[in-house]
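Survey of secondary and tertiary structure
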Amino acid sequence: MVIAISGAGGFIGKQLSAHFQSRGDIVRFIPRVTTGVGAEYIAGILSGADVVINLAGAPIVGRWSQAYKKQLFDSRILTTRKIVEAIGMLDKRPGLLISASAIGIYSPDGKHTESKNNLADDFLGELCCAWELEAKKAVPFTRVAITRFGIVLGKGGGALARMLPLFKAGLGGKIATGRQGFSWIHITDLIMAMQFIIDNTPLSGEFNFTASDVADNRKFTRVLAKVVNRPAFFSVPSLALKLVFGEGSVAVSGGQFVYPEHLLNAGYLFRYPTLEGALDEICTS
């Protein structure tokens, strides 16, 4: 199988590439469109590909100046637009486009599934909606799956790469009130759920990439402290985050309660269904 990936240099992209290569698949890398790469060039990379996985996007955590907001938008929407244009140029098109999104599309209030939800009325919500809309323009050309990522937990990268050293030093703690949603997924389940969608050709539409053991930030703090056998008495006030990140602080202090209804209904079995099991594997094995 030939698989083309954008955003392959990130934590998720590297793990996915290694997985497919270990299976004997051929992985091609789609460059950033910010370098002036056009749809024609991308079409050349996609020629003969069976699957396209679109992960491109600048990091969400940061101070959201107007310039950085534009970078967040362009790195997602423009890249996706070029990929869809490239797919449309091909005579023999890939059988599947998997395009990343995020659970930031949902409101921080209430509980959400793919079929029952309230969308966020803020910058993150608008960004995710625009991102998904561009990907869905490929529906006339190929099967499209939108994967809405929760917080990805794994070794050597992602959210834990920044938090784990603090917790191991006994300096961990909740963020703001700690009552905000903490919807997460182990990197192994992210990879295997992607493989599940690739292998099951009837599957399309939106998929929440989150484990069903949804937590809040207080529970995550308590479980991680237990796993590393350290206290976690500290907390980070929301005001401090606003001083550092401004409007972008919502990417750190916010959260949603999101459930993977579509994956479960399709028959996907999570390798790491519980938060404690996932963190124990990552931190102690």
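Parameters and conventions
Residues numbered from 1 in each chain as written. Predicted model: local features only at pLDDT ≥ 70, side-chain atom pairs only at ≥ 80, totals over all residues. Heavy atoms only, no water. Phe/Tyr/Trp six-rings, centres within 6.5 Å; stacked < 30°, edge-to-face > 60°. Helix = DSSP H or I, 4+ residues; strand = E, 2+ residues; numbered from the N terminus. Buried < 20%, exposed > 50% of the residue type's maximum accessible area, 1.4 Å probe, protein only. Lys NZ or Arg CZ within 6 Å of the ring centre and 35° of its normal. Salt bridge = Lys/Arg side-chain N within 4 Å of Asp/Glu carboxyl O. Pairing = 2+ DSSP bridges. Axes fitted to C-alpha atoms, helices over the stretch in contact; angles between N-to-C directions. Contact = heavy atoms within 4.5 Å.

Here's the deal with the packing of aromatic side chains
- Evaluated as defined, the whole model comprises 5 aromatic pairs.
- Relative to Phe209, the ring of Phe149 has its centre 5.7 Å away and its plane inclined at 45 degrees; by these criteria the two rings are tilted. Residue Phe149 is found in strand E6 (residues 143–149), and its partner Phe209 is found in strand E11 (residues 205–209); the two are separated by 60 residues along the sequence. Note on accessibility: Phe149 and Phe209 belong to one class, buried.
- Counting every residue linked through ring pairs, the aromatic cluster contains Phe167, Phe182 and Phe220.
- Against the face of Phe123 rests Lys69, its NZ or CZ located 5.0 Å from the ring centre.
- One Lys or Arg, Arg76, reaches over the ring of Trp131 and ends 5.0 Å from the middle of that ring.

Digging into the pattern of salt bridges
- Summed over the entire model, instances satisfying the criterion amount to 10 salt bridges.
- Of the charged contacts in the structure, one is a salt bridge between Lys136 and Glu206, with a shortest N-O distance of 2.7 Å. Of the two residues, Lys136 sits in helix H4 (residues 123–136) while Glu206 sits in strand E11, which places them 70 residues apart along the sequence.
- Overall, the relative accessible area of 19% leaves Glu206 in the buried class.

As for unusual backbone geometry
- We note that Ala176 has phi near 55 degrees; this positive angle belongs to a residue other than glycine.
- Within the fold, Ala176 resides in the loop between strand E8 (173–175) and strand E9 (181–182).
- Despite not being glycine, Asn229 has its phi angle at roughly 60 degrees, a positive value.

Observations concerning the sheet that holds strand E4 (residues 96–102)
- Reading across from one edge, E2-E1-E3-E4-E6-E11 is the order of the 6 strands in this open sheet, with parallel pairing throughout. One side of each edge strand has no neighbouring strand; the edge strands of this open sheet are strand E2 (26–30) and E11. On average, each strand axis in the sheet is inclined to that of its neighbour by 20 degrees, with strand direction left out of account.
- As paired elements, E4 and E6 share 7 bridges and run parallel to each other. Counted as the bridge partner of Leu97 is Val144 from E6.
- Contacts from helix H1 (residues 11–22) reach strand E1 (2–6), E2, strand E3 (51–54) and E6 within the one sheet, and its direction differs from that of E2 by about 155 degrees.
- Packed onto the sheet, helix H2 (residues 39–46) meets E1, E2 and E3 and runs at close to 175 degrees relative to E2.

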